[in-house]
Amino acid sequence: MSVLSGKKILLGITAGIAAYKTASLVRLFIKLGAEVQVIMTPKSKDFITPLTLSTLSKNPVHSTFYDKDEENELWNNHVDLGLWADLILIAPATCNTLSKMCNGVCDNLLLATYLSAKCPVYFAPAMDLDMYIHPSTVNSLEKLQSFGNIMIPVTSGELASGLVGEGRMAEPEDIVSFIEKDILNKLPLKGKKLLLTAGPTYEAIDPVRFIGNHSSGKMGFAIAKAAANLGAEVILISGPTNQIVNHSFIKRIDVQSGEQMYTEAHKYFSTSDIAILSAAVADYKPKNVATQKIKKNDATIEIELEKTKDILASLGLIKDHQFLVGFALETNNEIENATSKLHRKNLDMIVLNSLQDKGAGFATNTNKITIIDKDLNIKPFDLKSKAEVAQDIIKEIIIKLF
Ligand code: CTP
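Since this is a predicted model, take the numbers as computed values, not measurements.

Explain the sheet that holds strand β17 (residues 349-354) here, please?
The strands that make up a sheet pair up through hydrogen bonds in the backbone, lying either parallel or antiparallel. Strand order in the open sheet made by the eight strands is β12-β11-β8-β13-β16-β17-β19-β20, with mixed pairing throughout. Pairing within the sheet leaves two strands with one partner each, and these edge strands are β12 (250-254) and β20 (378-380). When strand polarity is set aside, the average angle formed by the axes of neighbouring strands in this sheet is 15°. Pairing of strand β8 (residues 193-198) with strand β13 (residues 274-277), which is carried by four bridges, proceeds in the parallel orientation. Of the residues in β13, the one forming a bridge with Thr 197 is Leu 277.

In structure tokens, the structure reads:
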């Protein structure tokens, strides 16, 4: 999955011959799952039609402060457009537009939107080689980057004028991969390795029966996604669940029993930076597993149970640099019990779910958590979707790590 999936991209097109390439650019963004809106400068319409771009982006294309042809002359709110965008790309960016951007000129919708935007702005210059090396252009490019805008370098080759040299706009595929790489490099968890356990465990009684629990794995999988979206390389050790994960940063390892989860967790712990243990590991397992299916010959049977290994506590004993996070599901004396678990298992942070709270716990799509850190700061959160709760947990870890 691309980091551009789900991103809101505002493409600004200015009047250069490379504008014809923006049709491919829009298609590539859409194919990667981004949402695209297009603003054209009035003159850029001489190079590519708004109809082409609105068809490909599946959105109306804007180029003026209000749409004269519309019955109600709707105002195109540049502030709203700027705030809507997760990123702005100005491609091609002509000398004229670059110079105006440097000086705060806003005589068209694109420039006004650029000035209102709070998101990252990428620009892909395109011009003839002499224009490109002119000191005023060099000055514009430097100044724009000093404002925090990100330049997508031009390439060298045959130009529309017939001259050969630097000034060609980067190819659409290269623009897309430049932006993807840039976003990835700036993600807060880039390069961090996260170990995560999720779901229930099944403890075998005989070849067909087991002791398990109602954990759905939803919370753990949501945490895996939230962390991977922020650049972490996730090892997700999952008990039996029907959750699906499809993210290039998540490696899923399926296990059945607590013993298997313990082995896998210990395999990856030493190389992890963060470990979050959200699995509902069975506390007890049958002492002896029958090799054949147990027949129902007796009116009652007894199964002797023994404790499973506590994975979290065992990692707490050996941790050195890792940030270790556990979960606590409590029904009474919640803060007290969770805090004692935090100390007992040598954790850096514990996520408390109280079964007293409606909408919290197993199998639901929502959760209500309280985060307690090792300095005993207690932070309660509202009832939220598990995806939002996962983001809150990852955000708290980032705040504590950096
Ligand atoms: N955990 C674990 N391995 C186990 C049991 C629990 O890694 N065998 C982890 C869970 O993933 C969770 C945390 O420990 O992060 C909380 O487990 P819980 O069973 O609630 O805590 P206990 O210390 O076992 O306390 P109690 O059962 O008395 O509430």
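What am I meant to see in the packing of aromatic side chains here?
To describe a pair of aromatic rings, you give the distance between the ring centres and the angle between the ring planes. A full pass over the atoms with the stated rule returns one aromatic pair. Both rings, one in Tyr 202 and one in Phe 210, keep their centres 3.7 Å apart while their planes meet at 10°; by these two values the pair is stacked. Taking NZ or CZ as reference, Lys 309 lies 4.5 Å from the ring centre of Tyr 262, over its face.

I tried to follow the site of the ligand on my own but got confused; where do I start?
In the vicinity of the ligand there are 14 residues, among which Leu 277, Ala 279, Leu 312, Phe 327 and Lys 341 approach most closely. One nitrogen or oxygen atom from the main chain of Lys 309 is found 2.9 Å from a nitrogen atom belonging to the ligand. In this structure, an oxygen atom belonging to the ligand sits 2.8 Å away from a main-chain N or O atom of Phe 327. For the ligand, whose accessible area on its own is 580 Å², the fraction buried by protein is 76%. For the shell around the ligand, the secondary structure elements donating two or more residues are α11 (311-318), β16 (323-330) and α12 (334-344). Among the residues making up the shell around the ligand, the classes are represented as six nonpolar, two polar and six charged.

Hey, could you run me through helix α8 (residues 172-186) in this one?
Taking 1.5 Å as the rise per residue, α8 with 15 residues should run 21 Å; its terminal C-alpha atoms sit 22 Å apart, in good agreement. Taken as a whole, α8 has its buried residues at Pro 172, Ile 175, Val 176, Ile 179, Asp 182 and Ile 183. End-on view of α8: buried residues confined to an arc of 130°, all on one side of the axis. Facing away from the buried surface of α8 by more than 90 degrees, the exposed residues are Lys 181 and Asn 185. Those residues of α8 hidden inside the fold are in contact with α1 (22-31), β3 (87-93), β4 (121-125) and β5 (150-151).

Parameters at a glance
- Here the residue index of a chain counts from 1 through its sequence in written order.
- Whole-chain, interface and lining totals are the exception, using all residues; otherwise, since this is a predicted model, local features are given only for residues with pLDDT of at least 70 and side-chain atom pairs are given and counted only at 80 or more.
- Values reported for side chains reflect all heavy atoms of the structure, with hydrogen atoms and water molecules removed beforehand.
- Here the rule is simple: two strands pair whenever DSSP picks up at least two bridges between them.
- Each helix corresponds to a stretch of at least 4 residues labelled H or I by DSSP, and each strand to a stretch of at least 2 residues labelled E; elements are numbered beginning at the N terminus.
- Lines fitted to C-alpha atoms define the axes, with helix axes restricted to the stretch in contact, and inter-axis angles between N-to-C directions lie between 0 and 180 degrees.
- Two aromatic rings, drawn from Phe, Tyr or Trp (for Trp, its six-membered ring), form a pair once their centres lie within 6.5 Å of each other, and the interplanar angle then sorts them: stacked below 30 degrees, edge-to-face above 60, tilted otherwise.
- Look at NZ for Lys and CZ for Arg. If either is within 6 Å of the ring centre and within 35 degrees of the ring normal, a charge sits over the ring.
- Here a residue is near a molecule or strand as soon as one of its heavy atoms is found within 4 Å of it.
- The term polar contact refers here to a pair of N or O atoms within 3.5 Å; inside protein, the definition further demands a hydrogen-donor-capable atom paired with an acceptor-capable atom, and it admits residues adjacent in sequence only when both atoms are side-chain atoms.
- Only the protein chains shown count as covering a residue, and every accessible area follows the Shrake-Rupley method with a 1.4 Å probe.
- Each residue gets one of three labels, nonpolar for Ala, Val, Leu, Ile, Met, Phe, Trp, Tyr, Cys and Pro, charged for Asp, Glu, Lys and Arg, and polar for the others, Gly among them.
- Expected helix span is given by 1.5 Å per residue-to-residue step, counting one fewer step than there are residues.
- Summary of the burial criterion: residues with accessible area below 20% of their type's maximum are buried, those above 50% are exposed, and those between are partly exposed, where the area comes from a 1.4 Å probe applied to protein chains only.
- Directions are taken from the helix axis to each C-beta atom, and the arc is the one they span.
- Contact between two residues is taken to exist if any of their heavy atoms lie within 4.5 Å; hydrogens are not considered.

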